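Chains, contacts and geometry: an overview
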Amino acid sequence: MMMRQPAIVEEEHNNAINYPTEQRVERMFAALKNRISIQPVFICVILPDKDSPIYGHGEASSAERSVPRKPGIEDQLKAVVATKNWPDVFHYSTQVRTQPAETEMIEGLYEPGGDMVRDGVSKSQFQECLEFEFTALKRACEDLEEGYNPGITFIVAQKRHSTRFFPQGNDKTQKGNCVPGTVVDKDACHPHNYDFFLISQNGFIGTSRPTHYHVLVTENKHLKPDDIQSVTNNLCYTFGRCTSAISMAAPAADAHNVPTRYRKLVDT
């Protein structure tokens, strides 16, 4: 990223750690306002450590605070993300709800009048996923407009598996991993189901773990397997926190990270 010389560099005082995190953020913004007369277009914040509590009080984008109460020890958070300004698929709207622990299916995915339109789905739950969540999506579309029945391509992404691929010959990265964009859709896949493995990231440490994608429903007949695999790989480059490809399609990664972000919001 090429940038001009920064207009101002503000460093936090050594004793700032003695203040509450929210007050630390407010003090930094107040210092910026006092030293600069124009509205900044870009602010880069370097956190003091990986798990800094300051992160929970900074906002890169706005989000709806729709969590009705603080999650208890027996509750969990589930999130749904959606892009609504095609073709800018890297901007997402989010919804988060609390639901009882150990509940895999997202509760409240569809409610009359509009509400929420997953994470950790095992292969044994694919049929339940179709009956519960896919049906809820269809009902939500019908609720938006009578007769509205868009084609849906329903894909589950799995990271928790032990499958690894090792390149043969010279077609590999400097670390010995498969080159980013490698797709395996035969031999190691299910003999009947529609699935494929994708290594989208450039692994720098250890052996790259592929993401296993299961296409449970594809109503868009014009989308061929190569199209779905290409779109999935391209989505891995749209994650807002990274300038290169990540190991999973960005919508799935965002849905995984949003509950953590919301938990920080309700804890502050």
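As the structure is a computational prediction, the values presented were derived from the model and not from experiment.

What follows concerns the pairing of strand S3 (residues 153-158). Where burial is concerned, the two faces of S3 differ: the one with Phe154, Val156 and Gln158 is buried and the one with Thr153, Ile155 and Ala157 is not. The sheet contact formed by S3 and strand S6 (residues 211-218) spans six bridges and is antiparallel. For phenylalanine 154, the partnering residue across the bridge sits in S6 and is valine 217.

With phi around 65 degrees, aspartate 187 is a residue other than glycine that occupies positive phi space. Note that aspartate 187 resides in the loop between strand S4 (182-184) and strand S5 (195-199). Residue classification places aspartate 187 among the exposed positions, given a relative accessible area of 78%.

Okay, helix H2 (residues 126-144) next. The terminal C-alpha atoms of H2 lie 26 Å apart, and with 19 residues this matches the ideal 27 Å at 1.5 Å per residue to within 8%. Burial in H2 covers these residues: Phe126, Cys129, Leu130, Glu133, Phe134, Ala136, Lys138, Ala140 and Cys141. Close packing links the buried residues of H2 with S3 and S6.

In this structure, Val89, Phe196, Leu198, Tyr213, Val215, Ile228, Leu235, Cys236, Ala245, Met248 and Ala249 together form the largest nonpolar core, which totals 11 residues. Setting aside anything within four residues of it in sequence, one finds cysteine 236 in contact with Leu198, Ser200, Tyr213, Ser244, Ala245, Ile246, Met248, Ala249 and Ala250. Membership of the second largest hydrophobic core comes to nine residues, among which are Cys129, Phe134, Phe154 and Val217.

Let us look at the pattern of salt bridges. According to the stated counting rule, one finds three salt bridges in the structure shown. Across the pair glutamate 12 and arginine 24 runs a salt bridge whose closest N-O atoms are separated by 2.9 Å. Separated by 12 residues along the polypeptide, glutamate 12 in the segment before helix H1 (21-35) and arginine 24 in helix H1 bring together distant segments of the chain. For glutamate 12, a relative accessible area of 26% translates into the label partly exposed.

Here we take up the confidence of the model for the protein. Of the residues in the protein, 82% reach a pLDDT of 70 or more, and the chain-wide mean stands at 80. A low-confidence stretch, residues 61-74 (pLDDT under 50), is modelled with 27 contacts involving residues beyond four sequence positions or located in other chains.

Once that is clear, we can look at the pairing of S5. Of all five residues making up S5, five are buried, and the element is well covered by its neighbours. Of the two faces of S5, the one holding Asp195, Phe197 and Ile199 and the one holding Phe196 and Leu198 are both buried throughout. Looking at chain direction, S4 and S5 are connected through three bridges and run antiparallel. By the bridge assignment, valine 183 is partnered in S5 with leucine 198. In this structure, S5 lies alongside S6, joined through four bridges in antiparallel fashion. Directly across from leucine 198, in S6, lies its bridge partner threonine 211.

Rules used in this analysis
Residues numbered from 1 in each chain as written. Predicted model: local features only at pLDDT ≥ 70, side-chain atom pairs only at ≥ 80, totals over all residues. Heavy atoms only, no water. Buried < 20%, exposed > 50% of the residue type's maximum accessible area, 1.4 Å probe, protein only. Helix = DSSP H or I, 4+ residues; strand = E, 2+ residues; numbered from the N terminus. Pairing = 2+ DSSP bridges. Expected span 1.5 Å × (residues − 1). Contact = heavy atoms within 4.5 Å. Core = buried A, V, L, I, M, F, W, Y, C linked by side-chain atoms within 4.5 Å. Salt bridge = Lys/Arg side-chain N within 4 Å of Asp/Glu carboxyl O. pLDDT = per-residue confidence, 0-100.

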